[in-house]
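Structural overview for review
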Amino acid sequence: VMKGFKGKINAVYINATEYSAHAKQLMVPEPFPGFVIHDMEGDYKYPFTGKMTKEEIQKFVSSVAAGNVEPT
């Protein structure tokens, strides 16, 4: 999913159960698994709340990259 965004958006996997405090700080939606984009420069968080499919996540990442999603 993230290949097309190399150099624009960074992605990392965290074990949200083991690191639940960090997951909450990032606003990872429960129940896990979840997906969040974190813009570290502005500390903006973009939690994904759609259906966890490759296609839906690609649409979401594209929308965030285009500036079409408001941060939480």
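Here goes a summary of the coordinates provided. (Residues numbered from 1 in each chain as written. Predicted model: local features only at pLDDT ≥ 70, side-chain atom pairs only at ≥ 80, totals over all residues. Heavy atoms only, no water.)

Spanning twelve residues, helix α2 (residues 54-65) covers 16 Å between terminal C-alpha atoms, matching the ideal 16 Å at 1.5 Å per step. When α2 is considered as a whole, its buried residues turn out to be I57, F60, V61 and V64. The buried residues of α2 occupy an angular sector of 95° when projected down its axis, which confines them to one face. Those residues of α2 that are buried are in contact with β1 (36-39) and β2 (44-47). Phi turns positive one or two residues past the end of α2, at G67, with a value near 80°. (Helix = DSSP H or I, 4+ residues; strand = E, 2+ residues; numbered from the N terminus. Expected span 1.5 Å × (residues − 1). Buried < 20%, exposed > 50% of the residue type's maximum accessible area, 1.4 Å probe, protein only. Arc of directions from axis to C-beta. Contact = heavy atoms within 4.5 Å.)

Right, let's get into the pattern of salt bridges. In this structure the tally under the stated criterion is two salt bridges. Between K59 and E56 there is a salt bridge, with its nearest N and O atoms 3.3 Å apart. Note that K59 and E56 are positioned in helix α2 at a spacing of three residues, about one turn of the helix. (Salt bridge = Lys/Arg side-chain N within 4 Å of Asp/Glu carboxyl O.)

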